[in-house]
Amino acid sequence: QDAPEKEPAAAERAEEAKLKAKYPGLGQRPGGSGFLMKRLQKGQKYFDSGDYNMAKAKMKNKQLPSAGPDKNLVTGDHIPTPQDLPQRKSSLVTSKLAG
Amino acid sequence: GAGGGNDIQWCFSQVKGAVDDDVAEADIISTVEFNHSGELLATGDKGGRVVIFQQEQENKTQSHSRGEYNVYSTFQSHEPEFDYLKSLEIEEKINKIRWLPQKNAAQFLLSTNDKTIKLWKISERDKRPEGYNLKEEDGRYRDPTTVTTLRVPVFRPMDLMVEASPRRIFANAHTYHINSISINSDYETYLSADDLRINLWHLEITDRSFNIVDIKPANMEELTEVITAAEFHPNSCNTFVYSSSKGTIRLCDMRASALCDRHSKLFEEPEDPSNRSFFSEIISSISDVKFSHSGRYMMTRDYLSVKIWDLNMENRPVETYQVHEYLRSKLCSLYENDCIFDKFECCWNGSDRQIILKCSVVSFSPFTCSIVMTGSYNNFFRMFDRNTKRDITLEASRENNKPRTVLKPRKVCASGKRKKDEISVDSLDFNKKILHTAWHPKENIIAVATTNNLYIFQDKMN
């Protein structure tokens, strides 16, 4: 393959500079517990039945606020509804590799 | 250069899967594995399904090609689950499949998702009992008062049926996500590794497993690295290795203590601290580790390279092969689109001791062939011949699908003037990743998985 125009370390640091220019708030080290914790928490989906029921009780006559554009968001400001929760996927069809 | 690997000339053989570009998530292939004889080839996907292909018996009249792989069995291995206690969605995606060596007529494999490992038995049924006294052939019961004579039911041949049944379910032993399973050379035990722990199981026992590595810190704020892969040594049943997100490999000996938190060997390539960048640690994370067949060496895959380590030398790899060095100048965008976290696997050719005979030479001079293979982007995959030091880039694409036509080597132009037939780095399709590849244990047949298709290539037979 063609030799890189910059020495590896210089190329990496140039890329780092680009990234920091785009995201000035980026921490010094990408590693560390915060970064890894995100990796460990993959799959976490929260539903607070207390919040949900309180909201339902308060808004008996009104339409419940439904999901905004981001249907995957079920934490934070948005009050989740059962429709927004991750649905158990329906029966799967046979793999296309076997077709 | 061209012709990596004793001038093996790779030709397209087969492709499995849908042609359309609209890929359903469930169809994304997540693991590929040949069994010990190479007769069976298993794939797992994001939808939790396993498809097993079987190689046709060689056709004596068709000496120019080896048997094709056809569907043998397919089953739903894992289902999606929701852990209500932890509010955790458990994907059904099959992370790894590992075959057991064949002991009887049935075949056994282990398949795992993030949390649960299952032992599957795949067996053939080619006869069925007929001639019951109390049942009709369609299964309806006969009125016993109408039975006047007795007969002995006999087995009659039937169309081959392949059945898969789960024989063991190894559950509830992993708090974090399982990334590896590895069967021990004793063929009785196996290990499973998640981000922070490694457990040892007996294949017969599902209600107990032994924790052999635990790197969870008392205070999670102190977490600095996670386990990324683990494998048992091919010959020493007491030895295993595990790799980390910081680019280290630890070799552990289970005879030393019950909990192998102290490694016997630590393999790490020293790095000049002045060369460190924001990306250094991320790209040093090892995504796969594989022992050579002899067990003398091991291979690791990090984001940009493949490294060969001699187990007798901890302070640096003996060989390093650049998979796609041209990506080093693209790390910023690869970080933004998350590609920098892609986990590429790697594999050795079938057998270290494979002897290649050059047919034109009368007096044969046997030598061992050692080639390693790994995937890249744009549906490219790479092979490195450790003896000749030649490497080759090939593409898994339906455009190259003329059987027995040798695949054309590809070249990526990193910078400067792009030559004809070269592809510039900026034209690479980073959605077309080859993460999973497998090499037949005995022959020059390889299985390469693109996002949702499985390609089989074999060497040109004259």
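Shown above is the structure to which this text applies.
Everything quoted here is computed from the prediction, not taken from an experiment. (Residues numbered from 1 in each chain as written. Chains lettered and ligands numbered in written order. Predicted model: local features only at pLDDT ≥ 70, side-chain atom pairs only at ≥ 80, totals over all residues. Heavy atoms only, no water.)

K.L.:
Quick question: what am I supposed to make of the packing of aromatic side chains here?
P.N.:
For any pair of aromatic rings, the description rests on two quantities: the centre-to-centre distance and the angle between the ring planes. All names here are of chain B. If you walk through the whole model with that rule in mind, you get 22 aromatic pairs over all chains. On the numbers, 6.5 Å between centres and 75 degrees between planes, the contact of F12 with Y455 is edge-to-face. Of this pair, F12 sits in strand β1 (residues 10-16) while Y455 sits in strand β32 (residues 454-459); the two residues are 443 residues apart in sequence, bridging distant segments of the chain. For F12, a relative accessible area of 7% gives the class buried. The class for Y455 is buried, based on a relative accessible area of 4%. With a centroid separation of 6.1 Å and 75 degrees between ring planes, the pair formed by F232 and F240 is classed as edge-to-face. (Phe/Tyr/Trp six-rings, centres within 6.5 Å; stacked < 30°, edge-to-face > 60°. Helix = DSSP H or I, 4+ residues; strand = E, 2+ residues; numbered from the N terminus. Buried < 20%, exposed > 50% of the residue type's maximum accessible area, 1.4 Å probe, protein only.)

K.L.:
Teacher, can you tell me more about helix α1 (residues 8-22) of chain A here?
P.N.:
For an α-helix the count is 3.6 residues per turn, leaving residues at separations of three or four pointing the same way. Compared with an ideal rise of 1.5 Å per residue, which puts 15 residues at 21 Å, α1 of chain A spans 22 Å between its outermost C-alpha atoms and is within 8% of the ideal. For α1 of chain A, the complete set of buried residues consists of A9, A11, E12, E15, E16 and L19 of chain A. Relative to the axis of α1 of chain A, the buried residues are bounded by an arc of 160 degrees and lie together on one face. Elements in contact with the buried residues of α1 of chain A: α1 (280-284) and α2 (331-336) of chain B. (Expected span 1.5 Å × (residues − 1). Arc of directions from axis to C-beta. Contact = heavy atoms within 4.5 Å.)

K.L.:
Where do I start with the interface of chain A and chain B in this structure?
P.N.:
Interface size, as often reported, equals the accessible area lost upon joining of the parts. Listed per partner, the contact involves 43 residues of chain A and 69 residues of chain B. Taken together, both faces of the contact between chain A and chain B bury some 4,700 Å²; the carbon and sulfur share is 55%. Taken together, chain A and chain B are joined by four salt bridges. As a salt-bridge pair, R39 of chain A and D195 of chain B come within 3.5 Å of each other at their nearest N and O atoms. Our count for the chain A to chain B interface comes out at eleven residue pairs in polar contact (both at pLDDT 80 or more). Secondary structure elements with two or more residues in the side of chain A that touches chain B: α1 and α2 (33-40) of chain A. For the side of chain A that touches chain B, the class distribution of residues is 18 nonpolar, ten polar and 15 charged. (Buried area = accessible area lost by both parts, 1.4 Å probe. Salt bridge = Lys/Arg side-chain N within 4 Å of Asp/Glu carboxyl O. Polar contact = N/O pair within 3.5 Å; in protein donor to acceptor, adjacent residues only side chain to side chain. Nonpolar A, V, L, I, M, F, W, Y, C, P; charged D, E, K, R; others polar.)

K.L.:
Help me understand the sheet that holds strand β22 (residues 305-310) of chain B in this model?
P.N.:
Backbone hydrogen bonds are what pair the strands of a sheet, in a parallel or an antiparallel way. Residue and element names in this part refer to chain B. Taken in spatial order, the four strands of this open sheet run β20-β21-β22-β23, and their pairing is antiparallel. Strand pairing shows two members of the sheet lacking a second neighbour, β20 (288-291) and β23 (319-322), which therefore form its edges. When strand polarity is set aside, the average angle formed by the axes of neighbouring strands in this sheet is 15 degrees. The pairing of strand β21 (residues 297-301) with β22 spans five bridges and is antiparallel. Within the sheet, the bridge partner assigned to M299 lies in β22 and is I308. (Pairing = 2+ DSSP bridges. Axes fitted to C-alpha atoms, helices over the stretch in contact; angles between N-to-C directions.)

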